[in-house]
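For reference, the chains in residue letters:
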Protein chains: 2
Amino acid sequence: VHLTRTPSAPDSLLSFARASEPALRKLLEEKVRSASALPIDLTPSFERLAEYVLRGGKRLRGALCLLGCAAGGGAEQDAFPAALGLELFHAYLLVHDDFMDRDTERRGGPTLHVALARKESIARSAAVGAVAEHTAGSLAVLSGSLLQAWALEQIFSSPVAPERVLAAGKMVARALGEVTLGQVLDVAAPLIPELPRDAALKIEEMKTGSYTFELPLTLGALLAGASLETHAALSAYALPLGQAFQIADDLLGTFGDIGQTGKSAGNDLREGKKTLIVLHALQVSRGADLETLRAGLGNEGLSEDKLEQLREILRRVGAERFARDEAERLCAEAEKALETNAIPGAVAEELRAIARYSVRRQK
Amino acid sequence: VHLTRTPSAPDSLLSFARASEPALRKLLEEKVRSASALPIDLTPSFERLAEYVLRGGKRLRGALCLLGCAAGGGAEQDAFPAALGLELFHAYLLVHDDFMDRDTERRGGPTLHVALARKESIARSAAVGAVAEHTAGSLAVLSGSLLQAWALEQIFSSPVAPERVLAAGKMVARALGEVTLGQVLDVAAPLIPELPRDAALKIEEMKTGSYTFELPLTLGALLAGASLETHAALSAYALPLGQAFQIADDLLGTFGDIGQTGKSAGNDLREGKKTLIVLHALQVSRGADLETLRAGLGNEGLSEDKLEQLREILRRVGAERFARDEAERLCAEAEKALETNAIPGAVAEELRAIARYSVRRQK
């Protein structure tokens, strides 16, 4: 039995979600309006895109950007456009990721390449009917790239000294390269026979870890002109927490409740993702358990019954427990990094709440 | 008979191509070296990517960036990193475009999604064999996004005042949005029944026109801190020339020589692209000619004989002549915009040579 209490979303997350919603809506509605003036009226596809972005999510990255700024003594409005930019940036990565993973659901609705697979979803003047899979995929990739361009525009509009905005741009360009590389590795991984455990974990880290915590926090700190000590403390908090967040994601992707996560649990098992949970289980399982795991992992046609059988094994051999303990250990390490004068007490308290929430969340 | 002399590449193009080659090679070789230290050794795929970028091209955009900088009185080294960045940026767009158009050849070699369709082209530790089409496509899209991130890093490293670099970043982000939108329209266009002629031409313009001439020239001018007059003159030159360049591209895609262009001529006809040539021909053709055109355009299985039959009609009804005349008219308009004190004489002379070359080139 698993006794850890599930915390509700911390105040800083809820308050940024409330503040960003109308701002993102306004920005996207302007884009939708501009779509009707194009040589082809793309209003329907821009509406799909806006709906995808506004469908929600935790708004974690934007909130962290504001907290990073607060940690460096900056005002909220200095980091607000960049925080919106990071949410658009995140949506861009999700759209491309969904396409590459051929996922059909995200945040409780269709992924963008699925939504764009009908002609009437693309342009006002298009006939009603289905679109070739390759075309829908291409349009989704391009829609993601549009989000990325809009994200950059937001970040560049930060109302602080040009030197700081420029440094922010450089940081984002570097992060863009790193997260893309993580995604390349993720797509390439299934082509490698017997991928070593360390390589698999490192790839997971590159894919989400650094851009989820370190980028938003240090971007906010940079916009505030924070001290080196503050930057260092935020990084020391972000690195283990990024890993812990990834493990929590894996737990949800394996044992999660579709009603809460908005995407089918067990997808990770069907895709044969080399998560910490699976890697640990493969290491400690023997006999029939090991055979069942080997036969089932990566089998896209797994029934719900078969999935549950795999989950049973993962629980029985202690892989779920192992992953939860590892996430808690990393979370404690992150919290420890906040014990410094370089981060104001109120900010540290919010970051502690975010750490616990990130690791114990149900979605 | 077509009597216009084909000019050889202008000095400014040749000299930038010579200077940029070792710089791009060094940058890409560093990326290749870094690939061996990744959790999966991606050396082979980075080599494919480097080879794709170094395979050549006119290096027009980089050369224009240096000329824009010179027009504003700046030094060459101020714009050189941005010029390299624009070449990487262009390569990024080509990689994505190749994937979306399912093209197999570019600059006389395989497109990236074709090159990455073998496991041994991706990672050192991968088994030899074929890769699923979707996976190869995903890896090509991601490789393109890597080029884009590296492009931004180059542009942000421009050795001029931060205010100017920041303004350059904003300009590039806006251009990124515009060119992506052009590409969305290009992919969506075949879904629209009876696309109006003006819409088709506007899409062609959005897709290549502005980022080929206006972006590089004004980016260079911006890095040099050029006057408003210089910016205006460069834009007045760039806009008609962008359209003329696109028409020249269409002529090559319809009547070009594969030995020179590096990609199969007639592709535009097989894809049913609504170029100025085709739109004009559909307007002026009658009877059997019109029927043959309607039946042949957009037919992917067209034989070489059938292609030649279509080209015959396009020539006979005057569509080729019409397009060449239109390109020449736009070229003259561009040259006229250079008759101003806002652009130094030597720079104007180079820009004139580039205008003629862009319109009359054979590749």
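Before reading further, recall that the structure is shown in the block above.
Residues numbered from 1 in each chain as written. Chains lettered and ligands numbered in written order. Predicted model: local features only at pLDDT ≥ 70, side-chain atom pairs only at ≥ 80, totals over all residues. Heavy atoms only, no water.

Colleague: Explanation requested: empty space enclosed by the protein in the structure shown.
Modeller: Under the defined criterion, the tally for this structure stands at three cavities of 30 Å³ or more. Roughly 40 Å³ of internal volume is contained in the largest cavity. Along the walls of the largest cavity sit S45, F46, L49, S143 and L146 of chain A together with V184 of chain B, which together make up its complete lining. Secondary structure elements with two or more residues in the lining of the largest cavity: α2 (43-54) and α6 (133-156) of chain A. Counting residues per element, the lining of the largest cavity draws most heavily on α2 of chain A, which supplies three residues. Partitioning the lining of the largest cavity into residue classes produces four nonpolar, two polar and no charged. (1 Å grid on protein atoms, 1.4 Å probe; cavity = no way out; pocket = protein on both sides within 12 Å on 5 of 7 lines; lining within 4 Å. Points joined across faces, edges and corners; volume = space filled by probe spheres on them. Helix = DSSP H or I, 4+ residues; strand = E, 2+ residues; numbered from the N terminus. Nonpolar A, V, L, I, M, F, W, Y, C, P; charged D, E, K, R; others polar.)

Colleague: How should I be thinking about the packing of aromatic side chains in this particular structure?
Modeller: Where two aromatic rings form a pair, the distance of their centres and the angle of their planes describe that pair. Evaluation of the coordinates by the stated rule reveals 12 aromatic pairs over all chains. Ring geometry for F213 of chain A versus F245 of chain A: centroids 5.5 Å apart, planes at 75 degrees, classification edge-to-face. Of this pair, F213 of chain A sits in helix α8 (residues 197-224) while F245 of chain A is found in helix α9 (residues 228-255), placing the two residues 32 residues apart along the sequence. A single burial state applies to F213 of chain A and to F245 of chain A, both of which are buried. Ring centres of F89 of chain B and Y211 of chain B lie 6.3 Å apart, and the angle between their planes is 70 degrees; on these two criteria the pair is classed as edge-to-face. Of this pair, F89 of chain B sits in helix α4 (residues 76-101) while Y211 of chain B sits in helix α8 (residues 197-224), and the two are 122 residues apart along the sequence. With a relative accessible area of 1%, F89 of chain B lands in the buried category. By way of ring pairs, the aromatic residues F89, Y92 and Y211 of chain A are connected into one cluster. Positioned above the aromatic ring of F245 of chain A is the side chain of R361 of chain A, whose terminal nitrogen or guanidinium carbon lies 4.0 Å from the ring centre. (Phe/Tyr/Trp six-rings, centres within 6.5 Å; stacked < 30°, edge-to-face > 60°. Buried < 20%, exposed > 50% of the residue type's maximum accessible area, 1.4 Å probe, protein only. Lys NZ or Arg CZ within 6 Å of the ring centre and 35° of its normal.)

Colleague: Can you help me understand helix α13 (residues 287-296) of chain B in this one?
Modeller: Count 3.6 residues to each turn of an α-helix, and residues three or four apart come out pointing the same way. All names here are of chain B. Of all the positions in α13, only D289, L290, L293 and G296 are classed as buried. Around the axis of α13, the buried residues are gathered within 140 degrees of arc, so they sit on the same side. Away from the buried face of α13 by more than 90 degrees, exposed residues A288, E291, R294 and A295 are located. Turning to α13, the residues buried within the fold contact α11 (267-271), α12 (276-284) and α14 (304-316). (Arc of directions from axis to C-beta. Contact = heavy atoms within 4.5 Å.)

Colleague: Could you clarify how one ought to interpret the relation of the copies chain B and chain A in this entry?
Modeller: In summary, the two copies of the chain are related to each other by a rotation about an axis coupled with a shift along it. When chain B is fitted onto chain A, the two copies agree to an RMSD of 0.0 Å after a turn of 180 degrees and an axial shift of 0.0 Å. Interpreted geometrically, this transformation is the action of a two-fold axis. Among all residues of chain B, the minimum C-alpha distance to the rotation axis is found for L166 of chain B, at 2.7 Å. Taken as a fraction of all interface residues of chain B, those also at the interface in chain A reach 100%, which identifies the copy contact as same-surface. (Least-squares fit on C-alpha atoms with pLDDT ≥ 70 in both.)

Colleague: Honestly, the interface of chain B and chain A in this entry has me stumped. Any pointers?
Modeller: Buried accessible area, meaning the area lost when the parts come together, often serves as the stated size of an interface. Taken together, the contacts link 56 residues of chain B with 56 residues of chain A. Across the chain B to chain A interface the summed buried area is about 5000 Å²; carbon plus sulfur atoms make up 83%. Looking at the side of chain B facing chain A, the largest losses of area belong to H134, F156 and L191 of chain B, adding up to 13% of the total buried there. Between chain B and chain A we count zero salt bridges in total. (Buried area = accessible area lost by both parts, 1.4 Å probe. Salt bridge = Lys/Arg side-chain N within 4 Å of Asp/Glu carboxyl O.)

Colleague: Is there a simple way to think about the side chain of S358 of chain B in this case?
Modeller: All names here are of chain B. With respect to the helices and strands, the residue S358 is situated in helix α16 (residues 345-360). From its side chain, S358 meets the backbone oxygen of I354 in a polar contact 2.7 Å long. Setting aside residues up to four positions removed in sequence, S358 forms contacts with L60, F213, F245 and A248. (Polar contact = N/O pair within 3.5 Å; in protein donor to acceptor, adjacent residues only side chain to side chain.)

Colleague: Before we go on, may I ask you to explain the environment of A342 of chain B in this structure?
Modeller: Residues and elements named next belong to chain B. With respect to the helices, strands and loops of the structure, A342 is situated in the loop between α15 (319-336) and α16. Here A342 falls in the buried class, since its relative accessible area comes to 16%. Counting along the chain gives 144 residues from A342 to D198, while the straight-line C-alpha distance between them is 33 Å. If we skip the residues at most four places from it in the chain, A342 touches A71, E229 and T230.

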